[in-house]
There are 2 protein chains.
Amino acid sequence: MKRTPLILFLTLGVLLIFTGALLYAQEEAENTQVVQGAFATLPEEPPIPEDNAMTPEKVELGKMLYFDPRLSSSGVISCHTCHNLSLGGTDRLPSSLGHEFLTGGRNAPTVLNAAFFNLQFWDGRATGLEEQAQGPIQAGVEMAMPADMAVNRIASIEGYLPYFEAAFPDEETPITFENIAKAIATFERTLITPNDALDRYLRGDEEALSDDAKRGMEIVVQVGCIACHNGPMLSTGTLMPFRHGEDLGLATVTGEESDEFMFRVATWRNVSLTAPYFHDGSAETLEDAIRIMGSVQLNRDLTEDEVYYIVAFLESLEGEVPEITIPDLPAD
Amino acid sequence: MKRTPLILFLTLGVLLIFTGALLYAQEEAENTQVVQGAFATLPEEPPIPEDNAMTPEKVELGKMLYFDPRLSSSGVISCHTCHNLSLGGTDRLPSSLGHEFLTGGRNAPTVLNAAFFNLQFWDGRATGLEEQAQGPIQAGVEMAMPADMAVNRIASIEGYLPYFEAAFPDEETPITFENIAKAIATFERTLITPNDALDRYLRGDEEALSDDAKRGMEIVVQVGCIACHNGPMLSTGTLMPFRHGEDLGLATVTGEESDEFMFRVATWRNVSLTAPYFHDGSAETLEDAIRIMGSVQLNRDLTEDEVYYIVAFLESLEGEVPEITIPDLPAD
């Protein structure tokens, strides 16, 4: 008679443990689904506009122009100066130094995977890489080269003509400012960094992410970072309000009150390669940037542990940077 | 009886022609020897100093440092900015733009084959690449980075340490300014451009040089350019007086009257890639440079034809520039 309650308790206990374990496993699975659903692997190829087909000849020409400092009025600044492929596609400065060491006050966004963004620049004022590429060449504080002078300079280097003819075979006058930008944009579409740890994890390699990184991934889902940092770029690619410093964002261009403090959501891909952070480069480290975003965007003081785990997750987003050989530029 | 004189004349005539042809052939052969003797093929490897052995690890580190703009106080100027391997190892500017767009007033000499020179800089004030590399990093108008700050900056990028340890394996404190220079110099010893048309010709390929280039080669021998432009570098590598402009050459450094207007003889290897010319970049084209040298150094007005053939010869001195991939620099 004494045995019945014991067996009952034991049975109930086992059942409870079992049910608990089941519920826990289900919750885990749901968590994992939520976590994984927030992100997506980086496609192997970015979208390509209909009017700028990708050809090896155009990539080659674009690479030459990307590296050619003669596209700047001083002759020393190239696209590569501020979007340095040795340094994660940026210059690692708070804000870039351009013509005569002037600065526009904005941090150079990485060129790596920029092809997956539609809106370009920190304030999204350009659409597509073709429009973007035309900006810094002409900007007085960057390369300071008016469009017509850029065309004249490049046309005066006779060795360029065959490359333009190969890249734009059906055009009578292939050396135009639009084509310079089209070629550069085409080269930039090759600057994709696949197979980072997150992507390998999402494709089923459970071991690709460390436990710390997985914990960080859960935290960014739980605390809400993924409202803006989601999808293959871990960024919606859209403008979101970020009130930080004096820079008015898109309103600087449009003057519209509704555009004040509107900035493009930064990608997390390769983010550990591209300090300092934010449009003004005011956050020196990833830790600083995470704390400020938690506070300003989520109204939340992240704990030291949370920051630690989020850093571990972000550091697992360094993809394979393509190997680039230095192009041989025509002498004249 | 009438036939004897005729046969005599004919025989004499044939003999004369034959002797003439022989003499001509001999003169030609001597000419070719003189011409060929003035020059020598570029050795495959430059001299390597005893205290800076060449290792793959040191080459790799040197390449990273050569491309790293963080060696400059602004963070935007690297060795590669002024010695751009896309542009014949120079910047193709009359005089380089350095820190804050300041200029030292001298043209950047090419880094290609610089390892074959003992005296470095236009005025030869440094001996060897190790000493040379320390100059522009510290110069206020170039990279503007004091030696101790350069060491601190590089040491603060933790990712560099393993590369220094591999390059300087027996040293307790491998990150020193001397070692930074040693590594850069070691990388520069790989920037050799073999197998240009002259070298292939000197090795027996008669067709390697065009007829125009061969004619130009004869002219530079005849008019005396080869007094200074001889040997494997087509330069003695020594200082010679060149009175052109206000720049006092080595006397700027030493203050000695005997050093006034003393400049290192420029190499002709790859010279068609490195316009503009002279220590002050005042000659825009090869044609200008040839005319001025003829006039100032040889007191001779070269004809248009002579200039044309000399250009053809100099253009055949473009060697094979090594293919360089962009290094992946440590983020921090």
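Here the structure is a predicted model, which is why all the values come from computation and not from measurement. (Residues numbered from 1 in each chain as written. Chains lettered and ligands numbered in written order. Predicted model: local features only at pLDDT ≥ 70, side-chain atom pairs only at ≥ 80, totals over all residues. Heavy atoms only, no water.)

Some thoughts on the overall build of chain A
And step 1. Scanning chain A for helices and strands turns up twelve helices and four strands.
And step 2. Along the first, second and third principal axes, the C-alpha atoms of chain A reach 105 × 40 × 30 Å.
And step 3. In chain A, which comprises 332 residues, the share counted as buried stands at 52%.
And step 4. Accessible surface computed for chain A: about 15800 Å², of which carbon and sulfur atoms make up 54%.
And step 5. Across chain A, the mean location of the 20 positive side-chain charges is 8 Å away from that of the 52 negative side-chain charges. (Helix = DSSP H or I, 4+ residues; strand = E, 2+ residues; numbered from the N terminus. Buried < 20%, exposed > 50% of the residue type's maximum accessible area, 1.4 Å probe, protein only. Areas by Shrake-Rupley, 256 points an atom, 1.4 Å probe, with all protein chains shown as cover. Lys, Arg positive; Asp, Glu negative; His and termini not counted. Charge placed at Lys NZ, Arg CZ, Asp CG, Glu CD.)

Describing the environment of Phe18(B)
All names here are of chain B.
And step 1. Turning to its location among the elements, Phe-18 is positioned in helix H1 (residues 3-38).
And step 2. Among the residues examined, Phe-18 registers a relative accessible area of 54% and is labelled exposed.
And step 3. Measuring from C-alpha to C-alpha, the distance between Phe-18 and Gly-104 comes to 62 Å, with 86 residues separating the pair along the chain.

Notes on a negative patch on the surface
And step 1. Judged by side-chain charge, Glu158(A), Asp328(A), Asp332(A), Glu287(B), Glu315(B) and Glu318(B) come together as a negatively charged surface patch.
And step 2. The topology assignment puts Asp328(A) in the segment after helix H12 (304-315). (Patch = residues over 30% accessible without salt bridge, like charges linked within 9 Å, V, L, I, M, F, W, Y side chains within 5 Å. Salt bridge = Lys/Arg side-chain N within 4 Å of Asp/Glu carboxyl O.)

What to know about the interface of chain A and chain B
How big an interface is tends to be reported as the loss of accessible area on association of its parts.
And step 1. With 31 residues of chain A in contact, the opposing surface of chain B contributes 31 residues.
And step 2. Buried surface at the junction of chain A and chain B, both sides included, amounts to about 2400 Å², of which 67% is carbon and sulfur.
And step 3. Area buried by chain A at its contact with chain B is led by Ser86(A), Phe101(A) and Ile326(A), which between them contribute 28% of it.
And step 4. Linking chain A with chain B are zero salt bridges.
And step 5. On the surface where chain A and chain B come into contact, there are eight residue pairs in polar contact (both at pLDDT 80 or more).
And step 6. For the side of chain A that touches chain B, the class distribution of residues is 15 nonpolar, nine polar and seven charged. (Contact = heavy atoms within 4.5 Å. Buried area = accessible area lost by both parts, 1.4 Å probe. Polar contact = N/O pair within 3.5 Å; in protein donor to acceptor, adjacent residues only side chain to side chain. Nonpolar A, V, L, I, M, F, W, Y, C, P; charged D, E, K, R; others polar.)

So, the nonpolar core
And step 1. Leu65(A), Leu85(A), Leu65(B), Leu85(B) and Ile180(B) are the most contacted members of the largest nonpolar core, which has 79 residues in total.
And step 2. In this structure Leu65(B) touches Leu71(B), Cys79(B), Ile154(B), Tyr160(B), Phe164(B), Ile180(B), Ala183(B) and Ile184(B), once residues within four positions along its chain are discounted. (Core = buried A, V, L, I, M, F, W, Y, C linked by side-chain atoms within 4.5 Å.)

Examining the UniProt feature "binding site: heme c 2" (unreviewed entry) in chain A
Residues and elements named next belong to chain A.
And step 1. The feature "binding site: heme c 2" (unreviewed entry), as given by UniProt, occupies Cys-225, Cys-228, His-229 and Met-293 in the numbering adopted here. A compact arrangement is adopted by the annotated residues: their sequence extent is 69 residues, whereas the largest C-alpha distance between any two is 11.6 Å.
And step 2. Within the secondary structure layout, Cys-225 lies in the loop between helix H9 (211-223) and strand S3 (239-241).
And step 3. With sequence-adjacent residues up to four places away left out, Cys-225 is seen in contact with Val-220, Trp-268 and Leu-298.
And step 4. For Cys-228, the position within the fold is in the loop between H9 and S3. (UniProt positions renumbered as here; feature names shortened; annotations may be inferred.)

Examining the relation of the copies chain A and chain B
And step 1. Superposing chain A onto chain B takes a rotation of 180° combined with a translation of 0.1 Å along the rotation axis, leaving an RMSD of 0.1 Å. Within this description, the copies of the chain are treated as partners about a two-fold rotation axis. Relative to the rotation axis, the C-alpha of Thr325(A) is the closest in chain A, positioned 2.0 Å from it.
And step 2. Mapped onto chain B, 100% of the interface residues of chain A again fall at the interface, so both copies present the same surface. (Least-squares fit on C-alpha atoms with pLDDT ≥ 70 in both.)

Here we look at the UniProt feature "binding site: heme c 1" (unreviewed entry) in chain A
And step 1. Mapped onto the present numbering, the UniProt feature "binding site: heme c 1" (unreviewed entry) falls at Cys79(A), Cys82(A), His83(A) and His99(A).
And step 2. Given the relative accessible area of 17%, His83(A) is considered buried.
And step 3. When residues no more than four places from it in sequence are discounted, the contact partners of His83(A) are Tyr66(A), Gly89(A), Thr90(A), Ala108(A), Pro109(A) and Val111(A).
And step 4. Residue placement: His99(A) occurs in the loop between helix H3 (79-82) and strand S1 (119-120).
And step 5. His99(A) sits in the buried class, given a relative accessible area of 15%.
And step 6. When neighbours within four sequence positions are excluded, His99(A) is seen to be in contact with Ser73(A), Ser74(A), Ile77(A), Gly140(A), Val141(A), Glu142(A), Ala144(A) and Phe101(B).

Notes on empty space enclosed by the protein
And step 1. Overall, the coordinates contain four cavities of 30 Å³ or more when judged by the stated rule.
And step 2. In this model, the largest cavity occupies a volume close to 340 Å³.
And step 3. Around the largest cavity, the lining is made up of 24 residues, and of these Ser78(A), His80(A), Thr81(A), His80(B) and Thr81(B) lie nearest the centre.
And step 4. Taken together, the elements giving at least two residues each to the lining of the largest cavity come down to H3 of chain A together with helix H3 (79-82) of chain B.
And step 5. Looking at the lining of the largest cavity residue by residue, the classes come out as ten nonpolar, twelve polar and two charged.
And step 6. Estimates place the volume of the second largest cavity at around 150 Å³.
And step 7. Forming the boundary of the second largest cavity are 16 residues, of which Cys79(B), His83(B), Pro136(B), Glu142(B) and Met143(B) lie nearest the centre.
And step 8. Contributing elements (two or more residues each) for the lining of the second largest cavity: H3, helix H4 (128-138) and helix H7 (177-188) of chain B.
And step 9. The leading source of residues in the lining of the second largest cavity is H4(B), at three residues.
And step 10. Partitioned by chemical class, the residues of the lining of the second largest cavity number nine nonpolar, five polar and two charged. (1 Å grid on protein atoms, 1.4 Å probe; cavity = no way out; pocket = protein on both sides within 12 Å on 5 of 7 lines; lining within 4 Å. Points joined across faces, edges and corners; volume = space filled by probe spheres on them.)

Here's the deal with the domain arrangement of chain A
Residues and elements named next belong to chain A.
And step 1. Each assigned domain of chain A is listed here: domain 1 (36-43 + 194-315) and domain 2 (56-188).
And step 2. Its C-alpha centre places domain 1 at a distance of 27 Å from the equivalent point of domain 2.
And step 3. Each partner contributes residues to the interface: domain 1 has 28 residues there, and domain 2 has 22 residues.
And step 4. For the pair domain 1 and domain 2, the summed buried area comes to about 2000 Å², and 61% of that belongs to carbon and sulfur atoms.
And step 5. It is Met-233, Arg-264 and His-279 in domain 1 that bury the most area against domain 2; as a group they hold 29% of the surface buried on that side.
And step 6. Linking domain 1 with domain 2 are one salt bridge.
And step 7. The salt bridge involving Arg-106 is made with Asp-247; its shortest N-O contact spans 2.6 Å. (Domains from an automatic or database assignment.)

What about a nonpolar patch on the surface?
Residue and element names in this part refer to chain A.
And step 1. Residues Leu-8, Leu-12 and Leu-15 make up a contiguous nonpolar surface patch of roughly 300 Å² in combined accessible area.
And step 2. Considering the arrangement of structural elements, one finds Leu-15 in helix H1 (residues 3-38).
And step 3. When its relative accessible area of 47% is taken as the criterion, Leu-15 is described as partly exposed.

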